[in-house]
Amino acid sequence: MKPTLTQSAVTRIESLTTNQDQVLAKGEIWIGTQFLDHAGMEDTLDNHFRLARRLGQEMVCLPVSENPGQNPGMGYRYFGYDVLIPSLANRTGFLAVVVDGPFQRMVNQRGIMDLLVNWIRKKEETARAYVKEQNIVLELIDRCLEKGVHAVIMADDLSGEAAPLINPLDLDTVCTPFYVQAVSRIHRAGILAFLHSCGNLTRLVPLIKSWNLDGLAAIQLCNNDIQLLNKELGGIFMAGIDGPLLGTDSPSPEELDVLVRTVAILTGQKRLILCSSCGLYSREFWIRIQNIYRYLDRNLPGL
C-alpha cells in the first residue's frame, strides 16, 4: 500500500481481504439493469446498495460519467458524479467509482477497428484525440475524489485474448502520461487506484507496474497467469469468476476446481475480492452467481 493513503481506505480494504469473519469478500464492478430487474428492483442508486446487501457483497461499485445514462452495449447504467454524496461511503464496507479510461472512451465512440486503423494511419491525430479524452477523464476523477469514495477503478480494455491491442511501446507513449497523472491525483486524495482491462496482460506487466496502481479489477483468469500477475504486480485482485462460469447452469468440475484453487491462493495472501470478469448484466446470472457463492462457501478451505 502507498504510504500517502488515508487510514480509512487502507483499513477498509484490509478488513475485506483478511477475511476476519471467515467470509469471502465479494463485489462487482458492473451490475446490469436486467440483473436488477430479475431481482425485483429498478436500476436506482439505492437499489445498487440494497442488491449488494442481499447478495452479501461488501463492496459497491458505481460506474460514473459526465454524461449519465444507460450503456446500451453492456446493459448497465452510468451515474452522474453529482449523486456521490460523502454519506454513501457509510452504506457499504467499500465504495468505488468506475470511470472509463481514455482508450475505452475512444473505442466506445469509434469502434475498436476504426480506432486501431487510425492509431496506425493517423497517429498524431489519434494521439491528440486521446489527450482530449484524457483531460475529460481527469476532470471526472477529480470530481469523484471530492465525494468520499474509497477507490477509483479505471476501465480501459487495452488487450485482446492473446496480446495487447496496441504495441506496448505506443501504449507507453500515449497512455502513461494519463495513468501517472490519474494515479498521482487519486493517491494524493488518500484513496486506491485500480485498473480493469480485459484480455491477456502479460506483455503489459512492466507498463502497468510503472503506473503504481493498487490492484487490478475484473481480470480474466482464462487469459492470464494469475500467479505471474500476483508476483509481478501484487496489490489487490478483484477476480475469480470468469464469464464462462456465469454462462452455464452446470460448470464443469475442472472449471470449479480452477475457481477454488485460484480463490484459495489469493485469499491466503489476503489479496482477493471475489468478482466476475464480465459483470452481472444478464438476468440469467441471478441464480448462477449465488450458486457460485454457495459452492465456494462449501469447498473453500478456511471459510
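Conventions adopted
- Residues numbered from 1 in each chain as written.
- Predicted model: local features only at pLDDT ≥ 70, side-chain atom pairs only at ≥ 80, totals over all residues.
- Heavy atoms only, no water.
- Helix = DSSP H or I, 4+ residues; strand = E, 2+ residues; numbered from the N terminus.
- Rg over C-alpha atoms; globule rule 2.2 N^0.38 Å.
- Buried < 20%, exposed > 50% of the residue type's maximum accessible area, 1.4 Å probe, protein only.
- Areas by Shrake-Rupley, 256 points an atom, 1.4 Å probe, with all protein chains shown as cover.
- Phe/Tyr/Trp six-rings, centres within 6.5 Å; stacked < 30°, edge-to-face > 60°.
- Lys NZ or Arg CZ within 6 Å of the ring centre and 35° of its normal.
- Pairing = 2+ DSSP bridges.
- Right-handed = clockwise from strand over helix to strand, strands pointing away.
- 1 Å grid on protein atoms, 1.4 Å probe; cavity = no way out; pocket = protein on both sides within 12 Å on 5 of 7 lines; lining within 4 Å.
- Points joined across faces, edges and corners; volume = space filled by probe spheres on them.
- Nonpolar A, V, L, I, M, F, W, Y, C, P; charged D, E, K, R; others polar.
- Core = buried A, V, L, I, M, F, W, Y, C linked by side-chain atoms within 4.5 Å.
- Contact = heavy atoms within 4.5 Å.
- Expected span 1.5 Å × (residues − 1).
- Salt bridge = Lys/Arg side-chain N within 4 Å of Asp/Glu carboxyl O.

## Quick notes on the overall build of the protein
Regarding its fold elements, the protein presents 12 helices and 10 strands. Taken over the C-alpha trace, the protein has a radius of gyration of 18 Å; the compact-globule value for 303 residues is 19 Å, and the two agree within 12%. In terms of overall dimensions, the protein has C-alpha extents of about 55 × 40 × 40 Å along its principal axes. Taken across its 303 residues, the protein has 54% of its residues classed as buried. Here the protein displays about 13,100 Å² of accessible surface, and carbon together with sulfur accounts for 51% of that area.

## Points about the packing of aromatic side chains
One pass over the structure, following the stated rule, counts seven aromatic pairs. Seen in terms of ring centroids, Phe35 and Trp286 are 5.4 Å apart; in terms of plane orientation they differ by 65 degrees. Their pairing is edge-to-face. In this pair, Phe35 is assigned in helix H2 (residues 33-38) and Trp286 in helix H12 (residues 285-299), connecting sequence segments 251 residues apart. Like Phe35, the residue Trp286 is buried in the burial classification. Residues Phe178 and Tyr179 carry aromatic rings whose centres are separated by 4.7 Å and whose planes lie at 75 degrees to one another, so their mutual orientation is edge-to-face. The rings of Trp30, Tyr76 and Tyr78 are connected pair by pair, giving a single aromatic cluster. Sitting above the plane of the Phe49 ring, Arg91 keeps its charged end 4.5 Å from the centroid.

## A word on the pairing of strand E6 (residues 151-155)
Looking along a regular strand, one sees side chains alternate from face to face of the sheet. Where burial is concerned, most of E6 is hidden: five out of the five residues are buried. Examined bridge by bridge, strand E5 (residues 94-100) and E6 share five bridges and lie parallel to one another. What sits directly across from Asp100, in E6, is Ala155. As paired elements, E6 and strand E7 (residues 192-196) share five bridges and run parallel to each other. Bridged to Val152 within E7 is Ala193. In this region the chain leaves E6, passes through helix H7 (residues 168-188) and returns to the parallel neighbour E7; the handedness of that crossover is right-handed.

## Observations regarding the layout of surface pockets
Of the volumes computed, that of the largest pocket is approximately 530 Å³. Of all the secondary structure elements, the ones that give two or more residues to the lining of the largest pocket are strand E3 (69-71), strand E4 (76-78) and helix H4 (102-110). Per-element accounting of the lining of the largest pocket gives the leading share, four residues, to H4. One number sums up the size of the second largest pocket: a volume of about 250 Å³. Looking at the second largest pocket, it is lined by 15 residues, and the ones nearest its centre are Leu221, Asp242, Val258, Leu259 and Thr262. Listing elements by their share of the lining of the second largest pocket, those giving two or more residues are helix H9 (226-233), helix H10 (243-246) and helix H11 (253-268). In terms of residue count, the dominant contributor to the lining of the second largest pocket is H11 (six residues). Among the residues forming the lining of the second largest pocket, the class breakdown is eight nonpolar, four polar and three charged.

## Some thoughts on the nonpolar core
Ile141 and Met154 are the most contacted members of the largest nonpolar core, which totals 84 residues. Dropping the residues within four chain positions of it, Ile141 is found in contact with Val99, Val152, Met154, Phe178, Ala182 and Ile186. Counting residues in each nonpolar core, the second largest holds 24 residues, with Ile13, Leu16, Ile29 and Ile236 among its members.

## Considering the environment of Ile186
Positionally, Ile186 belongs in helix H7. Taking C-alpha positions, Ile186 is 8.0 Å from Ala151, a pair spaced 35 residues apart along the chain. Other than its neighbours up to four places away in sequence, Ile186 contacts Ile141, Leu145, Val152, Met154, Ile191, Leu192 and Ala193.

## Describing helix H6 (residues 123-145)
Across its 23 residues, H6 extends 32 Å between first and last C-alpha, which sits within 8% of the 33 Å expected from 1.5 Å per residue. Listed as buried for H6 are Thr126, Ala129, Tyr130, Glu133, Gln134, Val137, Leu138, Leu140, Ile141, Cys144 and Leu145. As for H6, its buried residues are in contact with E5, H4, helix H5 (112-121), E6 and H7.

## Some words on the pattern of salt bridges
A full pass over the atoms with the stated rule returns 11 salt bridges. In this structure, Arg105 engages Glu133 in a salt bridge whose closest nitrogen and oxygen atoms are separated by 2.7 Å. Of this pair, Arg105 sits in helix H4 while Glu133 is found in helix H6, placing the two residues 28 residues apart along the sequence. An identical accessibility class is assigned to Arg105 and Glu133; each is buried. Here Arg288 and Asp249 are joined by a salt bridge, their closest N and O atoms 2.8 Å apart. You can see Arg288 sitting in helix H12 and its partner Asp249 sitting in the loop between H10 and H11, a full 39 residues away along the chain. You can call Arg288 buried: its relative accessible area is 10%. Three or more residues are tied together by salt bridges with common partners; here these are Glu66, Arg105 and Glu133.

Fair warning: the whole summary comes from geometry, so function is off the table for now.
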